[in-house]
Amino acid sequence: MTSATLSMSMPGSPTPPRSRVLCVDDEPNVLRALNWLLQKDFDVTTAASGHDGLKLVREASFDVIISDQRMPEMSGVDFLREARAISPRAMRILLTGYSDMQAILRSVNESEIFRYVNKPWNVADLPKVVAQAAEIARSLPEILSDPEPLEDAALVASAARILVIDDNPEVHAQAELAIGDLAEVLHTSSVLDALQQLQNGNISVIVTETRIGTVDSTRLIRLLKQRYPEIVTVVLAEESGADLVSSLINQGQIYRFVPKPIKSGYLKIILRSAIAKHEQLKQDPALLRRHQVEAVSEACTNAFEADLRSAAKAVNLDAENDSGGVKAAQGFGGFLRRLFGH
Amino acid sequence: MHFRLVRYVTLTSLAFFLIAGGGLAYFYRSMSIDNMLRLQESSNVNLTRVFANNLWNAHFLPLLEETTATAAPDLGKNSRIQEIHRNTLELMRGSSTYKIKVYDLRGRTIYSSELKQIGEDKSANAGFVGASAGTIKTELVHKEKFSAFENVVENRDLIQSYIPQNDPKSGKIVGVFEIYSDVTPFLAEIGDTEQRLGVIVALAFGALYLVLFVIVRNAEKILKTQHRERELAQQQLAQSEKMASLGQLVAGVSHQLNTPIGFSLNNVTLAIDATRSFLLPLRVADRLAKLVRDTPPAERVILNMTEARQHVSSITVNEKDGEMIIEMLGDVLQGLEQMRELVENLLDFTRLDRAKVIDADINAALHTVVYVAKSAIPTRVQIIEEFGVLPAIECNPSQLNQVFLNLITNAAQSIPDAGTVTVRTKHERDHIRIDVIDTGTGIPADALPHIFESYFTTKPKGVGTGLGLPIARDIVRSHGGEIRVETAEGEGTTFTITLPLVARTASAD
């Protein structure tokens, strides 16, 4: 109403059609609150259940879908997965006050959500996130679907390079076994070595732990996504926490998060689809926007750098003559800057 | 610990030692005496032979022949007696033989070294009967007083042998020789050895007992320590069980709180912004109202809008905005109400500070538990309350709430997809009955007998402690009630708790 008056007062400029946002929550108070918050800038539609939401998704094309996780009958993750199948172009946001690990994992691996937002949401930030999502969705109006799994020949032709970062040799063996001769697998057991490999370039997929030795490698994941969004990240983690995974979604746009141990068959499927995803992103760079991440704080970068420095020092102490370690320790800031463009 | 290991070991070893020691002593004694008897018998036979060689042919055979016709009282008057007696005494002097007697085949004493016994009839004596039939008969006898050859001896153990005597020519038994020899020193020696043996055995058993005692006491100490450790571990597990369910609860409750916090925060923020936009119109309206008040009726006022024009013209009041603010704040009020309800229920659920045993409304307690449980269990599971009219019962609501929560969350966890958990209460005669009915997978037959056992769990390691149901049963029993389970695989499970109207046992802590 308010903006309608506003547009009348400016008859000269044609108003672009407003972005369409669907909010799904079983709590009517939440729906009303989201409506009041977003109605100024968006065309808001609400649904009180996943089933109602799906009906609306079938009828109209939404740019952004926001859903609560805990709802009777159909959970938010299930609803978003279905909605993704019906309308893949809509950006998905999971809004929840309940850190249910299983739900978060499924939101990454099945629903491929854009953001994970905790209740209570930040009143200033949520409209911005929605606006960003809407803008991305509208800039890519064509219907997107999952990339077709590549045939073996196509896989070989893609000459994909998979970088495995893990200090557990079993994971390396498993990755080697899973992909066979179809792609090149690079093995590194420390973040320092991984950085060297990344500098050499042309990495398609990263398979990594969340912590390698003393280094928190999730920081690498976040920094990397900012600079190299086309690298697809698969996290195989010994330990997982709701906060960790949600930050990896929002800041790292990880492709898959799987708690260890992973079954070989599953790893095979994941690696193949990750390579296909990478190919899709490479062929259509516009798609990269869909995986835009939240800005990483300066503190994160600094902490990562400090982590690496101490790790490099340790390597130096271990093998004083190891030139790689020395090199890594020297001019470290420059190295990182080159890599991440800071 | 109810089993007192040291006491039992002491008692049983004592009994064993007594039986074994006694048995050993008895065995030794009877064996020694048997030996002695056999030895003495052969020595008596030898002695008899000595007597026979010296006296039989020369004196006793003729005496036997001569006395065949003599009447018993007159036997002692035979002329040979004196000579026989003299010879006999000579032979016996210095030996352990105390007395000899000779009987004819009719059992009459034809000679005794104690002369006044001559003529006595011994035909009924078992020893005599045996010997006259051809067997040597020997027995051990104890005599308080015994007339030996030359004097009377007291308190003696004697070996008494009846030995048949043959006619050297025909080989037929013609008489019986009775000989008494003293074995008192032998017996004393046996007793002595027996005593010494007893001391040795007692010492050996004593040493054995000491060793056993030390071993067993150590074992008991170890057992007690282990028992204490196990109890401690169980307490810790029970605590972690509580903490685990608490953690689950906290996660659920925080979600339930975050929802009203979320929309309230949202609405208040928006309402503040919206209210700000009303400030200018309000100020303008206030000025206008003042002007109207200050102006007498029917008088005209000319407003100079040059200065205020820009401000006033920018005012656009959307009446709906005002209504919106009221609605927003109304929702905030609802949100606050939701939070208040949640906090109240949480307090009701724990009742940490309240009296431990009170008259409680079980339906109210169950309603609270259901409310709290709803936040912790998946939303695809529906909880149905079917409460009957219940009288208040004396109980510890905090403990019972723990039981109810455990049963309800268990029930919800057994439901893989959508399903219902029905909580039903009923007043039956002298007790109330609470059913928790789920439409879950049921309990497998092999797990059913173990569900109330401590540490038994079908949940993954780290998820279940295996103490939920055992603790639940303890609590129900401490209320004098019972907990039962009925299950059908693939159809669901029903847990039934019955609680007496009047508490039979005061509930423990």
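Reading the values: rules and limits
Residues numbered from 1 in each chain as written. Chains lettered and ligands numbered in written order. Predicted model: local features only at pLDDT ≥ 70, side-chain atom pairs only at ≥ 80, totals over all residues. Helix = DSSP H or I, 4+ residues; strand = E, 2+ residues; numbered from the N terminus. Buried ≥ 20, exposed ≤ 12 C-beta atoms within 10 Å, placed from the backbone. Contact = placed C-beta atoms within 7 Å. Nonpolar A, V, L, I, M, F, W, Y, C, P; charged D, E, K, R; others polar. Axes fitted to C-alpha atoms, helices over the stretch in contact; angles between N-to-C directions. Left-handed = near helix turned anticlockwise from the far one by under 90°. Pairing = 2+ DSSP bridges. pLDDT = per-residue confidence, 0-100.

Visitor: Just checking my understanding: could you explain the overall build of chain A for this structure?
Guide: Counting secondary structure elements, chain A contains 15 helices and 12 strands. Per-residue burial over chain A gives 46% buried out of 342 residues. Look at the contacts in chain A between residues 6 or more apart in sequence, and 68% of them connect residues 24 or more apart.

Visitor: Would you explain the environment of serine 96 of chain B in this entry?
Guide: Residues and elements named next belong to chain B. You can see serine 96 is positioned in the loop between α2 (80–92) and β1 (97–104). Residue classification places serine 96 among the partly exposed positions, given that 18 C-beta atoms sit within 10 Å. Not counting the four nearest positions on each side in its chain, serine 96 is found in contact with Ser181 and Asp182.

Visitor: Any chance you could explain the interface of chain B and chain A here in plain terms?
Guide: How big an interface is tends to be reported as the loss of accessible area on association of its parts. Across the boundary between the two partners, chain B contributes 24 residues, which contact 21 residues of chain A. At the level of secondary structure, the elements contributing two or more residues to the side of chain B that touches chain A comprise α4 (184–276) and α7 (319–350) of chain B. Sort the elements by how many residues they give to the side of chain B that touches chain A and α4 of chain B lands first, with 13 residues. In terms of residue class, the side of chain B that touches chain A is made up of 8 nonpolar, 13 polar and 3 charged.

Visitor: Even after reading the chapter, I still don't get the packing of helix α8 (residues 169–179) of chain A against helix α12 (residues 264–283) of chain A, so can you show me in this structure?
Guide: To characterise two packed helices, one gives the angle between the axes of the helices and the distance between these axes. All names here are of chain A. Relative orientation of the contacting elements α8 and α12 amounts to 65°, with a least axis distance of 9 Å. The chirality of how α8 crosses α12 is right-handed. In contact with Gln174, Ala175, Leu177, Ala178 and Ile179 of α8, α12 contributes Ser264, Leu267, Lys268 and Leu271. Grouping the constituent residues of the contact of α8 with α12 by class yields 6 nonpolar, 2 polar and 1 charged.

Visitor: Please clarify how the sheet that holds strand β5 (residues 115–118) of chain A should be interpreted in this entry.
Guide: Strand pairs in the sheet, formed through backbone hydrogen bonds, run parallel or antiparallel to each other. All names here are of chain A. Taken in spatial order, the 5 strands of this open sheet run β2-β1-β3-β4-β5, and their pairing is parallel. In the strand order of this sheet, the two ends are held by β2 (43–47) and β5, each with one partner. Taken pair by pair, the neighbouring strands of this sheet meet at an average axis angle of 20°, ignoring direction. Running at roughly 160° to strand β1 (residues 20–24), helix α3 (residues 50–59) makes contact with β1, β2 and β3 (64–68) of the sheet.

Visitor: Any chance you could explain the pairing of strand β11 (residues 482–488) of chain B here in plain terms?
Guide: Within a regular strand, the side chains alternate between the two sheet faces. Residues and elements named next belong to chain B. As judged from the 7 bridges shared by β11 and strand β12 (residues 492–500), these two strands associate in the antiparallel manner. Bridging across to β12, glutamate 482 finds its partner in threonine 498. Connecting the antiparallel pair β11 and β12 is a turn made up of 3 residues, with glycine 490 showing a positive phi of about 85°.

Visitor: Is there a simple way to think about helix α4 (residues 76–86) of chain A in this case?
Guide: Since one α-helical turn is 3.6 residues long, residues separated by three or four positions face the same way. Turning to α4 of chain A, its buried residues number three or more, namely Gly76, Val77, Asp78, Phe79, Leu80, Ala83 and Arg84 of chain A. On its buried face, α4 of chain A sits against β1, α3, β3, β4 (91–96) and α5 (101–109) of chain A.

Visitor: Sorry, what's going on with unusual backbone geometry here?
Guide: Note on backbone geometry: most residues besides glycine have negative phi, and most peptide bonds are trans. Here the residue pair lysine 119 of chain A and proline 120 of chain A is connected by a cis peptide bond, since its omega of -5° sits within 30 degrees of zero. Cis geometry is adopted by the peptide bond preceding proline 261 of chain A, which originates at lysine 260 of chain A and carries an omega value of -5°. Positive phi values are uncommon outside glycine, yet asparagine 155 of chain B reaches one of about 55°. You can see asparagine 155 of chain B is positioned in strand β4 (residues 152–166). Since 10 C-beta atoms lie within 10 Å of it, asparagine 155 of chain B is described here as exposed. At alanine 298 of chain B, a position not held by glycine, the phi torsion is positive, near 65°. Following the sequence through the fold, alanine 298 of chain B ends up in the loop between α5 (279–294) and α6 (309–313).

Visitor: Help me understand the confidence of the model for chain A, please; the structure alone is not making it clear to me.
Guide: Caution is warranted with low-pLDDT regions, since their predicted coordinates should not be read in detail. All names here are of chain A. In the predicted model, chain A carries a mean pLDDT of 82, and the fraction of residues at 70 or more is 85%. Segment residues 1–12: pLDDT under 50, and 7 contacts once partners within four positions in sequence are set aside and those in other chains are kept. Every residue in residues 321–326 is under pLDDT 50, and counting partners more than four places away or in other chains gives 6 contacts.

Visitor: What should I look at first to understand the sheet that holds strand β9 (residues 419–428) of chain B in this one?
Guide: Residues and elements named next belong to chain B. The 5 strands lie next to each other as β7-β9-β10-β12-β11, forming an open sheet whose pairing is mixed. Pairing within the sheet leaves two strands with one partner each, and these edge strands are β7 (381–387) and β11. Neighbouring strand axes in the sheet, compared pairwise and without regard to direction, differ in orientation by 15° on average. Pairing between β7 and β9: 7 bridges, direction parallel. Considered in β9, the bridge of isoleucine 384 is made with threonine 422. Contacting β7, β9 and β10 (431–438), helix α8 (residues 362–376) runs over the sheet at an angle of about 175° to β7.

Visitor: Could you clarify how one ought to interpret the confidence of the model for chain B in this entry?
Guide: Residues and elements named next belong to chain B. This prediction gives chain B a mean pLDDT of 82; 94% of its residues lie at or above 70. By mean pLDDT, strand β6 (residues 358–360) is the weakest element of chain B at 77, and β10 is the strongest at 92. Predicted confidence for residues 505–509 stays below pLDDT 50, and this span has 10 contacts to residues more than four positions away or in other chains. Here the prediction assigns the complex a pTM of 0.64, and the interface score ipTM is 0.77.

Visitor: Please explain the pairing of β1 of chain B as it appears in this structure.
Guide: All names here are of chain B. The element β1 is largely enclosed, with a buried count of 8 among its 8 residues. Of the strand pairs in this sheet, β1 and strand β5 (residues 173–182) are connected by 7 bridges, and their pairing is antiparallel. Paired with isoleucine 100 across the strands is isoleucine 179, a residue of β5. Note that β1 and strand β2 (residues 109–112) share 3 bridges and pair antiparallel. Of the residues in β2, the one forming a bridge with lysine 101 is serine 112. Two successive antiparallel strands, β1 and β2, enclose a turn made up of 4 residues, where glycine 107 displays a positive phi of approximately 95°.

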